[in-house]
Amino acid sequence: MRNSVLAAVGILSAPIRRPHQHDFQFATAFVCSSRRHRSPLRFVRFDRRGVATAAASDILPANIPRREDILVALDAVSRACRVTERLQPLRGDEEKGIATVTKSDASPVTVGDFASQGVVLSRLVEAYPFDSFIAEERSDALRVDEDLTGLVLKAASVGGMDDGDAESLWSAIDLGHSYSDDGKTTDGKLKKRVWCLDPIDGTKGFLRGKFDGGQYCVALALLENGTPTIGILGCPNLPSSVDDDNYAWKDNEDDRSDVKTRGCIFVATKGGGAYQLDMSLSQCLQLSATPNDGKTRNISEARFSIGVEKGFGDPLGQADKIAEILHGPSALDEKGEIVLSRRTDSQAKFGVLARAGAEVYLRLPKAGYQEWIWDLAAGSLVITEAGGEITDVDGNQLDFSQGAKLPASHRGIIGSNGGMFQRELLEAYQRQESVRLNAE
């Protein structure tokens, strides 16, 4: 552990990338008209660490629904992004320098996960002491490891937490553990207002490193009576342009040179649309998914936004079969990979769909797996508010009202730019599933 501690401290001592104003453009977005307006709501202040989220109140549309809640949530997510951005290793072979704990399901949790959750939930409970919270991590491993707690405190201080108060850190993290291991909450359903957080969605991508294309996001959603009404995806390493699929850093890239090309935050609110903001919160672009009438892009040209690793999200190779149905015999390359695809980690995939960088999202885990709501709540709202659609494989709307997990009846997830694309995808899934079952 001592070597991990020293390595992680070295990473935390690296210079902070300060926010800069910059331009980014893509064909499917336009500058929010609200830039002309100034809101009296300014919850966030510039602090000594360079977190400058007060600007968000100037660039969001003046009439956006739930504006006050969005500003607080943006503050929390942008602070967590600054924490995780500093911690992500440059290359995957350096990930051993990030103190990591392996959970009971064999998935990793890092200093960044703990620190991000502490930062976000402490900010939210300060603003909304009577709201409820559901989040992925818990403080058990920290409470028995003084060195690990020290690393997390140091990391969380970048986001504004007191770096000497272990008890406050543990308590903030545990605000999100309001459910049992089976996902059930106290009364079996969600309360009126629940904030749902995945502090680092795509931890394996986070550990893969910047030069090896590792993507991740801080995913936060507000659920009201079981319905997502705010969704925020903070993606510090994602290219800001829809046309840029260089998910891996170039050899000459660093934190200072990529400030104009990387990092974005996707924001959606029910009935209010979806938007992309830059990491310094100086630009706001409204998003529209690819038109779904087939005139701009045909279903035979639909691009897949899918995971880097097939092992979890598609263990049976069903996405390949669906691609062959939609794209024909040339769907796969000589390595058996989908030709028209962008592979990335985390719910950043939803942001790619929302800004018309792809048309297909598939999440088809092994039989019997029950989805945690933090893996889908924020991203599902981002794509639907951009004009897309997301359902289970049977075409049913996702039900976020039953606790920390989706109902077991949701046995796979299909998302798209909607319309005929969603219908064709659902039909293609059923076709390949029928063939698969008949072959068993």
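Before going into details, it helps to say that this report is about the structure given with it. Given the structure is predicted, the values throughout are model-derived calculations rather than measurements.

1. Brief notes about the environment of Gly387
Here's step 1: Here Gly387 shows up in the loop between helix 12 (377-385) and strand 14 (389-392).
Here's step 2: What makes Gly387 partly exposed here is its relative accessible area of 43%.
Here's step 3: C-alpha of Gly387 to C-alpha of Asn292: the two residues are 95 residues apart in sequence and 8.8 Å apart in space.
Here's step 4: Sequence-distant contacts of Gly387, defined by excluding residues within four places in its chain, comprise Asn292 and Asn417.

2. Some points on the nonpolar core
Here's step 1: In this structure, Ile134, Leu233, Phe266, Ile373 and Phe400 are the most contacted members of the largest nonpolar core, which totals 42 residues.
Here's step 2: Of all the secondary structure elements, the ones that give two or more residues to this core are strand 5 (193-201), strand 6 (217-224), strand 7 (227-239), strand 8 (262-269), helix 11 (348-354) and helix 12.
Here's step 3: Apart from residues no more than four positions distant in its own chain, Leu233 is found in contact with Cys217, Val218, Ala219, Cys264, Ile265, Phe266, Gln347, Phe350, Gly351, Ala378, Gly379 and Val382.
Here's step 4: The next biggest cluster of nonpolar side chains, apart from the first, holds 33 residues, and it includes Ala73, Leu220, Leu222 and Met279.

3. Here's the deal with the pattern of salt bridges
Here's step 1: Taken as a whole, this structure holds 22 salt bridges when the rule is applied.
Here's step 2: Among the ionic pairs, Lys204 bridges to Glu309, the shortest N-O distance being 3.8 Å. Taken together, the residues Lys204 in helix 8 (residues 203-208) and Glu309 in the loop between strand 11 (304-306) and helix 9 (310-313) connect sequence positions 105 residues apart.
Here's step 3: For Lys204, a relative accessible area of 47% translates into the label partly exposed.
Here's step 4: Linking Arg436 and Glu433 is a salt bridge whose minimum nitrogen-to-oxygen distance equals 2.8 Å. Highlighted residues: Arg436 and Glu433, both in helix 13 (residues 420-439), separated by three residues, approximately one helical turn.
Here's step 5: Each member of the salt-bridge network shares a partner with another, and the members are Asp75, Arg79, Arg123 and Glu126.

4. Comments concerning the packing of aromatic side chains
Here's step 1: Evaluated as defined, the whole model comprises eight aromatic pairs.
Here's step 2: Here Tyr179 and Trp374 contribute two aromatic rings whose centre-to-centre distance is 5.7 Å and whose plane-to-plane angle is 50°, an arrangement assigned as tilted. Note that Tyr179 is positioned in the loop between helix 7 (166-174) and strand 5 and Trp374 in the loop between strand 13 (360-363) and helix 12, a separation of 195 residues in sequence.
Here's step 3: A relative accessible area of 8% means that Tyr179 is categorised as buried.
Here's step 4: Look at Trp374 and you get buried, because its relative accessible area is 4%.
Here's step 5: Aromatic ring contacts, followed pair by pair, group Tyr179, Trp372 and Trp374 into a single cluster.
Here's step 6: The ring of Phe211 is capped by Arg91, whose NZ or CZ atom sits 4.4 Å from the centre of that ring.

5. Section: the environment of Leu148
Here's step 1: Its location among the elements puts Leu148 in helix 6 (residues 146-157).
Here's step 2: Sequence separation between Leu148 and Phe114 is 34 residues, and the spatial gap between their C-alpha atoms is 9.9 Å.

About the cut-offs
Residues numbered from 1 in each chain as written. Predicted model: local features only at pLDDT ≥ 70, side-chain atom pairs only at ≥ 80, totals over all residues. Heavy atoms only, no water. Helix = DSSP H or I, 4+ residues; strand = E, 2+ residues; numbered from the N terminus. Buried < 20%, exposed > 50% of the residue type's maximum accessible area, 1.4 Å probe, protein only. Contact = heavy atoms within 4.5 Å. Core = buried A, V, L, I, M, F, W, Y, C linked by side-chain atoms within 4.5 Å. Salt bridge = Lys/Arg side-chain N within 4 Å of Asp/Glu carboxyl O. Phe/Tyr/Trp six-rings, centres within 6.5 Å; stacked < 30°, edge-to-face > 60°. Lys NZ or Arg CZ within 6 Å of the ring centre and 35° of its normal.

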